[in-house]
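# Descriptive structure summary
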Amino acid sequence: MKNVATVNVDRGPIPWTERIYLGPIVRGLGVTLRHFLRNVFGKRDVATIEWPEVKRQYSERLRGRHILTTKDDGSLRCVACYMCETACPANCITIVAEEDPEAPVEWEKRPLLYEIDLLRCVFCGFCVDACPKEAIIMSRQHEMAFSERSEAVVGIEELRQKGPIEDEDLGYRPYF
Amino acid sequence: MTVSSTESPTQRPPLADPFPEGSVAAVEQAADGHTVLTVDRSHLLDVLRRLREKPELACDLLADVCGVDYPDREQRFDVVYHLGSLEHGHRFRVKVPLGEDDPVVPSAVGIWKAADWFEREAFDMFGIRFQGHPDLRRILTHEAFHGHPLRKDYDPSQRWLLTEKDTMAPRWATEDQPDDEHMDTVVLNLGPSHPATHGTLRTVVRLDGEHIVKAECEIGYLHRCFEKMSETHGWQQVIPYTDRLNYCSSMINGVGFALTVEKMLGIEAPPRAQVVRVILSELSRIMDHAVCLGANLVDLGALTNFWYFFQIREEIYGLLEKCAGGRLTVSYARIGGLAHDVPADFEDEVRKLLDSIPKFLDDVETLVTTNRIFRDRTEGVGVISGEEALAWGWTGPCLRASGIPYDVRKAHPYMGYENYDFEVPVATTGDTYARYLVRMEEMRQSLRIVRQALDNLPDGPVITDDHHVALPPKEKVYTEMESLIWHFKLIFEGIPVPAGEAYGFTEGANGELGYYVVSDGGGKPHRIKVRPPCFAIYQAFPKILEGLMIPDAIAILGSLNIIAGELDR
């Protein structure tokens, strides 16, 4: 074998200082006591969060529930190009396209049906990466509970942005 | 790509000389550094034995055995062996082509014990029969399963019905074995759903009193068809799947896969991406060891350490989430680099971690390392010699605890690991305590690597600008026609990985994590075989158990760190 730098971590037989057990137990109690006192008085080591009253602050890259963004006139930016459906590793997106009658140019598509099965979704963000129109982005909403499987299949109405985009809890999207 | 033509003897590298004339049909130096031998099955055992025994070859590690299906070829299957020599550092790939009507090869179990489960898997997935294998049964699928799922003509939409009588139990478990001196022995299931197994692992044991006289593992409870699914998805889409192999250190899996495909494409990720990959991989390794030791200790009654370790893990998860947007399944690596650059405060965050992690490690050391209860409980338990461990295909911290300093980062450096100054922790006793000590030291060594990497974090892009591989930046997609076309082609057609094959191996948290990747030139992989480190480790578990007691079984299982996600794939 090639000569590699190794460090031997063997500790050999238990020395009498450890065999009598007294030293290690005092040191061990010291460690737990230190943590205990710091947590009671200093609150510096506390790793837990009192959820749901307190919520963890995630970064703006968190991949949560999807948002379908809209143009200024309130129509979807999505042009039903099927890129996100193709890029999805979990095959959880279903799109049915139709011709957009209100489009300023001819032959513009829009989604008649845009469904995401949130139980299949693995929240990898590949749909956001694939979208050439910034029509699908992700929010930071990650607490999703459903009482029936069919509820987890969400369509355009559930996914579209509700008000101005700044009001959404924005998560993973281009440039972040 | 297979080698069908016989090369003339003069072109052969000297390594082929030890084989008798005519036994090796073709020799080729593959681009991934392997010497590829194509062997007819009648000469297979002879060639394998020479590879193992000839001192100039000395292939003591059987990394992987797998099948590959080429439906268009006359000889439809390939059985592929991946061998390595720890002493010389060279790697061999031995391929045996087989026809569909008679897919039989002699078993290599007599040469490497490691072949046991790998051959069973190849039988399960492809129906290749290994003559002379002591126990050739299905391993990942159920016994009542029909067909061989990784064959290309297998229809994955089929469903098989299980009945109650199809419960799987080893033959010896159903027989009564009254013992003259003692009471009857008892058969007990450890798992698959038991808090102490930390995953869906099932071990059937026969107990004589509290002593285990026989044991057998039953795996496949978490089989999610990773390899079959990869064949129907694009190269880049495999990355989220790899997160779910060893989910305790998902970053390492994605990086390993990306490196393998980059090897086939002949590209390299930009320097900044390489260094970030190293930093996050090493932090993931710390996380993985923390989970392993924390869980192992909690099984032995040391609950406090579990919390200290999980605080480390929690803080690293926080960093991963800031970088990648996900905590557990990060999906951060991409073929050609990383999904996006690290956040602006990355360096400060990592430095904070570098400060806080050693404090928790010190606390655990104080509580456990010199604790006599823990030492009495783990020393001399689950001992395996280095030679034995290597024969079973062990790698990683478990092998290093048995005295063999094999670390892929040192033996076959990748991602610039040769530039970092770190040491490989080794213990010689090979017991549960040694595995604990090795993992503890490895965490400290990983911190050393992270510190050095952070000091030399270069600026620049984090993903290659090759538009055949990486999506163009968004601002270009929105504004430039050409970038939009590249974007479109990449999404719909995938990465055009040239036809060929490569075996890429990295040091996962549990040992050598290998990806054997075969491409037919299309946008989707033809075959991806994962060589999960704990698959090889777990197959030795029943042998270690014999003669020990149930509490020892729990202590050993925890120290081996079997992750069901990568075990069953």
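Up top is the structure.
This write-up is about the structure you can find in this document. Just so you know, these numbers come straight off a predicted model, no measurement behind them.

Glancing now at the overall build of chain A. Along chain A, the regular secondary structure elements total 5 helices and 6 strands. The order of α-helices and β-strands along chain A, N terminus first, is β-α-α-β-α-β-β-α-β-β-α. Considering only C-alpha atoms, chain A reaches an extent of 90 × 55 × 35 Å along its principal axes. Burial status across chain A gives 25% buried among its 176 residues. Long-range contacts, defined as pairs at least 24 residues apart, comprise 74% of the intrachain contacts of chain A with a sequence gap of at least 6.

On to the overall build of chain B. Across its full length, chain B holds 20 helices and 16 strands. On C-alpha atoms alone, chain B measures out to a radius of gyration of 24 Å, which is about the 25 Å that the 2.2 N^0.38 rule sets for 569 residues. Overall, chain B is about 85 × 60 × 50 Å in size when its C-alpha atoms are taken along their principal axes. Here the analysis covers contacts within chain B between residues at least 6 apart in sequence; of these, 67% occur between residues at least 24 apart.

Here we come to the sheet that holds strand β3 (residues 61-69) of chain B. Residues and elements named next belong to chain B. Spatial strand order, β1-β2-β5-β4-β3: 5 strands in an open sheet with mixed pairing. The open sheet is flanked by β1 (24-29) and β3, the only strands paired with a single partner. Along the sheet, successive strands turn relative to each other by an average axial angle of 20°, direction set aside. Here helix α1 (residues 41-53) sits on the sheet in contact with β1, β2 (34-39), β4 (77-84) and β5 (91-98), set at roughly 170° to β5.

Here the focus is unusual backbone geometry. Residue and element names in this part refer to chain A. In this structure, the amide linkage connecting W51 to the following residue, P52, adopts the cis form with an omega of 10°. With respect to the element layout, P52 can be found in the loop between α2 (22-42) and β2 (66-68). For Y21, which is not a glycine, the phi torsion comes out positive at approximately 75°. When you line up the elements, Y21 lands in the loop between α1 (16-19) and α2.

Of all hydrophobic cores here, the largest spans 206 residues; its most connected members are C127 of chain A together with I562 of chain B. Sort the elements by how many residues they give to this core and helix α7 (residues 271-299) of chain B lands first, with 16 residues. Summarising the domain contributions, this core has at least three residues from each of domain 1 (9-131) and domain 2 (226-568) of chain B. Those residues in contact with I562 of chain B, other than ones at most four positions away along the chain, are G199, L201, C534, I537, Y538, L557 and L567 of chain B.

Bringing helix α16 (residues 481-493) of chain B into the picture now. For α16 of chain B, built from 13 residues, the straight-helix expectation of 18 Å at 1.5 Å per residue is met to within 8% by its first-to-last C-alpha distance of 18 Å. Residues of α16 of chain B that are buried include every one of H487, L490 and I491 of chain B, and no others. Projected down its long axis, α16 of chain B carries its buried residues within an arc of 95°, all on one side. Residues of α16 of chain B that are exposed and point over 90 degrees away from its buried face: M481 and E482 of chain B. Packing partners of the buried residues in α16 of chain B comprise α3 (83-87) and α4 (126-130) of chain A together with α15 (474-479) of chain B. Backbone geometry just downstream of α16 of chain B places G494 of chain B in the positive-phi region, at approximately 85°.

What follows covers the packing of α2 of chain A against helix α9 (residues 346-369) of chain B. For the pair α2 of chain A and α9 of chain B, the least separation of the axes is 8 Å and the interaxial angle reads 145°. In the crossing of α2 of chain A with α9 of chain B, the sense of the turn from one axis to the other is left-handed. Counting all contacts with α2 of chain A, which are made through R27, G28 and V31 of chain A, the residues of α9 of chain B involved are D363, T366 and L367 of chain B. Partitioning the contact of α2 of chain A with α9 of chain B into residue classes produces 2 nonpolar, 2 polar and 2 charged.

Take the interface of chain A and chain B next. Opposite the 40 residues of chain A that make contact, chain B presents 45 residues. Secondary structure elements with two or more residues in the side of chain A that touches chain B: β1 (6-8), α1, α2, α3 and α4 of chain A. The leading source of residues in the side of chain A that touches chain B is α2 of chain A, at 5 residues. Taken together, the residues that form the side of chain A that touches chain B break down as 24 nonpolar, 7 polar and 9 charged. As paired elements, β1 of chain A and strand β13 (residues 424-426) of chain B share 3 bridges and run parallel to each other. Bridging from a neighbouring strand, N8 of chain A pairs with V426 of chain B of β13 of chain B.

Residue pairs three or four apart in sequence face the same way in an α-helix, which turns once every 3.6 residues. All names here are of chain B. End to end, α1 covers 19 Å across 13 residues, agreeing with the expected 18 Å (1.5 Å per residue, within 8%). When we look at burial in α1, the residues that qualify are L44, V47, L48 and L51. On an axial view of α1, the arc spanned by its buried residues comes to 100°, and they lie on one face. Of the surrounding elements, those touching the buried residues of α1 are β1, β2, β4, β5 and β6 (104-106).

Let us look at the pairing of β1 of chain B. Residue and element names in this part refer to chain B. Note that β1 and β2 share 5 bridges and pair antiparallel. Of the residues in β2, the one forming a bridge with V24 is V39. In this structure, the hairpin formed by β1 and β2 is closed by a connection of 4 residues, where G33 is found at a positive phi of approximately 90°.

The rules behind each value
- Residues numbered from 1 in each chain as written.
- Chains lettered and ligands numbered in written order.
- Predicted model: local features only at pLDDT ≥ 70, side-chain atom pairs only at ≥ 80, totals over all residues.
- Helix = DSSP H or I, 4+ residues; strand = E, 2+ residues; numbered from the N terminus.
- Buried ≥ 20, exposed ≤ 12 C-beta atoms within 10 Å, placed from the backbone.
- Contact = placed C-beta atoms within 7 Å.
- Rg over C-alpha atoms; globule rule 2.2 N^0.38 Å.
- Pairing = 2+ DSSP bridges.
- Axes fitted to C-alpha atoms, helices over the stretch in contact; angles between N-to-C directions.
- Core = buried A, V, L, I, M, F, W, Y, C linked by C-beta atoms within 7 Å.
- Domains from an automatic or database assignment.
- Expected span 1.5 Å × (residues − 1).
- Arc of directions from axis to C-beta.
- Left-handed = near helix turned anticlockwise from the far one by under 90°.
- Nonpolar A, V, L, I, M, F, W, Y, C, P; charged D, E, K, R; others polar.

Note that all results are geometric; they support no functional claim without further evidence.
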